Amino acid sequence: MNNALTAPSLCGAFRNRFKIGAAITGRMTDDPDYRALIRRHFSSITAENGMKPEKLLDREATLQKGDPIRPAFHFSPADQMLSFARENEIAVRFHTLAWHNQTPRWFFAKNWDNAPDAPLAAPEVMLARLEAYIQGVMEHVNSQYPGTVYAWDVVNEAIEPDQGGPGCYRTKSLWYQTLGESFVPAAFRAARKHQAPGQKLFYNDYSTFVPAKKEALTALLQKLRADNLVDGMGMQAHLQWDKMDIAACEQAARAFGNLGLTLHITEMDIHCPFRDEAHQAQLAQCYRDYFDMLLRLNREGYDVESVSFWGVTDADTWLTYFRKEGSWPLLFTGDKDVKPAFDAVLEAAKRRI
Ligand code: G3I
């Protein structure tokens, strides 16, 4: 097998089409082999966890500050990755500002109370906190690392048809419970105010190809677009080797693209619980078909700007933990060799679709 460090550069092969990215961890930016691999193959990075509210919010310092609205931050985990990106001229997708998950409950509570059943803060307080959070993060990033972030995931996973809410909103989200659906445009309004020139604002979600979800997302994006609040749609693409429906993915991409939105594939992996040659060849075929679809859309004029994998090597995929079984879903082995899926994606770049 070929080592990743001598294989042709993936982002180089896609240079004239779209950025190629990966979700990374702070640990990787300390490791010379990961640093070299990321520099060679990726023109975009996303923090897998390091820029989420639970990593940036500092409760102790917030309590000391004594401000009921403006939280205190500790930016060091994010700074480490932003510095790595700046030094190596790699663009950053910032993930993520308003999300129900990985945001500590105390951020939604009256008086920043940490108790699991503490009463939630009033809607006007939560609106002000949402704006203060977004302002605090965007001002820090844009003043300390100008030109580094090109896309912001402003709202993540607000739609969940399974929860039966009106408009298919995720009713269990504490953002929804405190502010109702208005938290979505409010977050985008705040981000518009503090974005730097050239940055794009994204809505990001998973299973965007499921018909009920696609319809609800299209309705939401249409409204946001009419008010000039959103620039792009992030389609996560957590897929499975034996349940691929590329036609459905393509239909969803066309539906969002037809609203005039830039398209990012933000979190691509294809779960495959088998590492043998035959299954990994099938995985390669899944990637080949998916990338052919994206390249076709690009040639038709859809603005597919960036495609990111959720992880770098099979050794660091979140799927092993989430699925509670082995998973070999990415383009590089745990030993940092290239896999058949890598070759398939590289070949897709060379083919005229
Ligand atoms: O690995 C440790 C394990 O050693 C420990 O025993 C266990 C105890 O909780 O935790 C394990 O870490 C978990 C980690 O995933 C492993 O990858 C964390 O608990 C868990 O919280 C963490 O999950 C993250 C997840 O977001 C949480 O929501 C994943 O890293 C991260 O990949 C995932 O990313 C999300 C995107 O932000 C949004 N879209 C979906 C995507 C996948 O869920």
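Here goes a summary of the coordinates provided. Please read all numbers here as calculations on a predicted model, not as lab measurements.

Next up on the list: the overall build of the chain. For the chain, the count of helices and strands is 14 helices and 11 strands. Taken over C-alpha atoms, the radius of gyration comes to 20 Å for the chain, in line with the 20 Å a tight globule of 353 residues would show. Put simply, the chain has 353 residues, and 57% of those count as buried. In the chain, once contacts between residues fewer than 6 apart in sequence are set aside, the share between residues at least 24 apart is 75%. Carbon and sulfur atoms make up 49% of the accessible area of the chain, which amounts to about 14,400 Å² in all. Between the centroid of the 40 positive side chains of the chain and the centroid of its 44 negative side chains there is a distance of 3 Å.

The amide bond that connects His95 to the next residue, Thr96, takes the cis arrangement and shows omega of 10 degrees. Inspection of the secondary structure puts Thr96 in strand S5 (residues 91–99). For Ser207, which is not a glycine, the phi torsion comes out positive at approximately 45 degrees. Looking at where Ser207 falls in the secondary structure, it is placed in the loop between strand S7 (200–205) and helix H10 (211–226). Assessed through its relative accessible area of 27%, Ser207 is described here as partly exposed.

Right, let's get into helix H11 (residues 246–257). Helical periodicity: at 3.6 residues per turn, an α-helix aligns residues three or four positions apart in one direction. Relative to the 16 Å expected for 12 residues at 1.5 Å per residue, H11 spans 16 Å between its end C-alpha atoms, a close match to the ideal helical length. When H11 is considered as a whole, its buried residues turn out to be Ile246, Ala248, Cys249, Glu250, Ala252, Ala253, Phe256 and Gly257. The inward-facing, buried residues of H11 contact H10, strand S8 (232–235), strand S9 (238–240), strand S10 (262–271) and helix H12 (277–300).

What follows deals with the site of the ligand. By nearness alone, 15 residues border the ligand, and Glu48, Lys52, His95, Glu157 and Glu267 come closest of all. Note that a nitrogen atom of the ligand is positioned 2.7 Å from one of the side-chain N or O atoms of Glu267. Burial of the ligand by the surrounding chains reaches 57%, relative to a free accessible area of 780 Å². At a threshold of 2 Å from the grid points, most atoms of the ligand map onto the largest pocket. In the shell around the ligand, the residues fall into 4 nonpolar, 7 polar and 4 charged.

What the largest pocket holds in volume is close to 790 Å³. Around the largest pocket, the lining is made up of 29 residues, and of these Tyr206, Gln236, His238, Trp318 and Phe322 lie nearest the centre. The greatest single-element share of the lining of the largest pocket, amounting to 4 residues, is contributed by helix H13 (residues 319–323).

A few words now on the pattern of salt bridges. Between side chains of opposite charge, pairing is possible as soon as their charged atoms come close. Scanning all chains against the criterion turns up 14 salt bridges. In this structure, Asp303 and Lys200 form a salt bridge, with 3.8 Å as the shortest nitrogen-oxygen distance. Residue Asp303 is found in the loop between H12 and strand S11 (304–309), and its partner Lys200 is found in strand S7; the two are separated by 103 residues along the sequence. On the basis of relative accessibility, which here comes to 34%, the residue Asp303 falls in the partly exposed class. Residue classification places Lys200 among the partly exposed positions, given a relative accessible area of 22%. When salt bridges that share partners are traced, they join Glu250, Arg254, Arg296 and Glu300 into one network.

Relative to the helices and strands, Gln282 is located in helix H12. The exposure class assigned to Gln282 is partly exposed, which follows from its relative accessible area of 40%. Considered as a pair, Gln282 and Met81 are 201 residues apart in the sequence and their alpha carbons are 34 Å apart.

Empty space among the atoms becomes apparent when a probe as large as a water molecule is rolled across them. Applying the stated criterion across every chain yields a total of 1 cavity of 30 Å³ or more. Looking at the largest cavity, its volume works out to about 60 Å³. In the lining of the largest cavity, the residues fall into 7 nonpolar, 3 polar and 1 charged.

Turning next to the environment of Asp153. One can find Asp153 in strand S6 (residues 149–156). Each C-alpha atom of the pair Asp153 and Ala191 lies 9.9 Å from the other, and the pair is 38 residues apart in sequence.

In this section: helix H3 (residues 32–41). If you check which residues of H3 are buried, you get Tyr34, Leu37, Ile38 and His41. Seen end-on, H3 carries its buried residues on one side only, within an arc spanning 95 degrees. Buried residues belonging to H3 abut helix H1 (10–13), strand S1 (19–24), helix H2 (26–29), strand S2 (44–47), helix H6 (76–87) and helix H14 (340–350). Where H3 begins, one side-chain oxygen reaches toward the backbone nitrogen of Asp33, 2.8 Å away; that side chain belongs to Asp31.

Cut-off values and rules
- Residues numbered from 1 in each chain as written.
- Predicted model: local features only at pLDDT ≥ 70, side-chain atom pairs only at ≥ 80, totals over all residues.
- Heavy atoms only, no water.
- Helix = DSSP H or I, 4+ residues; strand = E, 2+ residues; numbered from the N terminus.
- Rg over C-alpha atoms; globule rule 2.2 N^0.38 Å.
- Buried < 20%, exposed > 50% of the residue type's maximum accessible area, 1.4 Å probe, protein only.
- Contact = heavy atoms within 4.5 Å.
- Areas by Shrake-Rupley, 256 points an atom, 1.4 Å probe, with all protein chains shown as cover.
- Lys, Arg positive; Asp, Glu negative; His and termini not counted.
- Charge placed at Lys NZ, Arg CZ, Asp CG, Glu CD.
- Expected span 1.5 Å × (residues − 1).
- Near = heavy atom within 4 Å.
- Polar contact = N/O pair within 3.5 Å; in protein donor to acceptor, adjacent residues only side chain to side chain.
- 1 Å grid on protein atoms, 1.4 Å probe; cavity = no way out; pocket = protein on both sides within 12 Å on 5 of 7 lines; lining within 4 Å.
- Sits in = over half its atoms within 2 Å of the grid points.
- Nonpolar A, V, L, I, M, F, W, Y, C, P; charged D, E, K, R; others polar.
- Points joined across faces, edges and corners; volume = space filled by probe spheres on them.
- Salt bridge = Lys/Arg side-chain N within 4 Å of Asp/Glu carboxyl O.
- Arc of directions from axis to C-beta.

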